[in-house]
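One-letter residues, chain by chain:
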Amino acid sequence: MNAHKLREAFNYTDIQDQISSLGYQNPQIDKGDSRQREAWSHLKNLNLSVKLVNLKSLKNSIANHEDPHFGAFQCRVTSENAEKIHQYEEEFFVEDQKLKRLPFLFEINGKYYPAIGNHRVRAMLNGFKNYPSSPFIGHCILIDCDNHLTDDEKVDIGSDIANISNKETGDETQPETAEDIAHQILSKFNIKSKLDNTMLDYSEEEKLNWANQWCKLWKPNTSSRKLSRAKNIAFAN
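Below you will find a few notes about this structure.

Attention now goes to the environment of Lys219. Along the chain, Lys219 turns up in the loop between α7 (204-218) and α8 (224-235). The exposure class assigned to Lys219 is buried, which follows from its relative accessible area of 3%. Each C-alpha atom, one on Lys219 and one on Asp196, is 23 Å from the other, the two residues being 23 residues apart in sequence.

And the structure:
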């Protein structure tokens, strides 16, 4: 996964200027949500190519619950809140509010998986169907647009981006539950074990040790009590 770092550095300045010129929050300097800044920084550190895409052009190709990698890109046990989706749809297509923060998507085998902004994506898809004459335009950020990563690498990085977007920073709208974190731990372990087959032979103790390290990296602001319960849900017999 280090090959992309050997490429010529991707020009993020141009895409950031394009995002700003269209009236969206620039994720590089988003003062309203630190998770957007962290996710963008993560992409830049990996030197991944990105581009803006009109979501309407992808409306028939957005991944749903039945698609194979859907769960890896979602951090909640209940990945979607119907009320929240309806609220966004009303804001965009009835109240004429503009999309502020762009969803982040990965493409795998012709399907587009939202790693950030799944509720906004679902709301826009509903709006395109329910309000066909609406002038609303909403874009998204397509990550690894030059298809440099393998499918497993896209799932791995996409799950990291999703976890960043779900961090407890004060910017989130709904606190994570221990069940949510257990889902993330199991999902990430399964992803990593595809990249490193030796993990398939881990004992329960080794899995819990792995989970400890993952939580230190990705859940630094979450209470130890909640993390302990999550790790036990995920791995303890």
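The phi torsion at Asp96 lies on the positive side, around 60 degrees, for a residue other than glycine. Tracing the backbone shows Asp96 in the loop between α3 (82-93) and β2 (104-108). Of the residues examined, Asp96 reaches a relative accessible area of 60% and is grouped as exposed. Its identity is not glycine, yet Asn109 carries a phi of approximately 50 degrees, on the positive side.

Right, let's get into the packing of aromatic side chains. What the rule picks out here adds up to 14 aromatic pairs. Measuring from ring centre to ring centre gives 5.0 Å for Phe10 and Tyr12, while their planes differ by 75 degrees; the resulting arrangement is edge-to-face. With relative accessibility at 6%, the residue Tyr12 sits in the buried group. When the centroid spacing of 4.8 Å and the interplanar angle of 50 degrees are considered together, the rings of Phe93 and Phe136 count as tilted. Highlighted residues: Phe93 in helix α3 and Phe136 in the loop between α4 (118-130) and β4 (139-143), separated in sequence by 43 residues. Accessibility assignment for this pair places Phe93 and Phe136 in one class, buried. Joined through ring pairs, the aromatic side chains of Tyr88, Phe92, Phe93, Phe128, Tyr131 and Phe136 make up one cluster.

Below, the discussion takes up helix α1 (residues 12-21). Each α-helix winds once per 3.6 residues, and so residues spaced three or four apart point in a common direction. All of the buried residues in α1 are Tyr12, Ile15, Gln16 and Ile19. Projected onto a plane normal to the axis of α1, the buried residues spread over an arc of 100 degrees and lie on a single side. On its buried face, α1 sits against α2 (34-46), β1 (50-54) and β4. Positive backbone phi, at 90 degrees, marks Gly23, one or two positions downstream of α1.

Below, the discussion takes up the environment of Ala230. Inspection of the secondary structure assignment puts Ala230 in helix α8. By relative accessible area, Ala230 is classed as buried at 0%. Remark: the alpha-carbon pair of Ala230 and Leu186, spanning 44 residues in sequence, is separated by 9.9 Å. Each residue touching Ala230, except ones within four places of it in the same chain, is listed here: Ala178, Ile181, Ala182 and Ile185.

So, about the packing of helix α6 (residues 178-195) against α8. At a minimum axis separation of 8 Å, α6 and α8 run at an interaxial angle of 50 degrees. In this view, α6 runs oblique relative to α8, as classed from their interaxial angle. In this structure, the crossing between α6 and α8 has a hand that is right-handed. Between α6 and α8, the residues in contact are Ala178, Glu179, Ile181, Ala182, Ile185, Leu186 and Phe189 and Lys226, Leu227, Arg229, Ala230, Lys231, Ile233, Ala234 and Phe235, respectively. Looking at the contact of α6 with α8 residue by residue, the classes come out as 11 nonpolar, no polar and four charged.

Tracing the backbone through its elements, the reader meets Val53 in strand β1. Leaving out residues up to four positions away in the same chain, Val53 has contacts with Leu58, Gly138, His139, Cys140 and Leu142.

Criteria and cut-off values
Residues numbered from 1 in each chain as written. Predicted model: local features only at pLDDT ≥ 70, side-chain atom pairs only at ≥ 80, totals over all residues. Heavy atoms only, no water. Helix = DSSP H or I, 4+ residues; strand = E, 2+ residues; numbered from the N terminus. Buried < 20%, exposed > 50% of the residue type's maximum accessible area, 1.4 Å probe, protein only. Phe/Tyr/Trp six-rings, centres within 6.5 Å; stacked < 30°, edge-to-face > 60°. Arc of directions from axis to C-beta. Contact = heavy atoms within 4.5 Å. Axes fitted to C-alpha atoms, helices over the stretch in contact; angles between N-to-C directions. Parallel < 35°, antiparallel > 145°, perpendicular 65-115°, else oblique. Left-handed = near helix turned anticlockwise from the far one by under 90°. Nonpolar A, V, L, I, M, F, W, Y, C, P; charged D, E, K, R; others polar.

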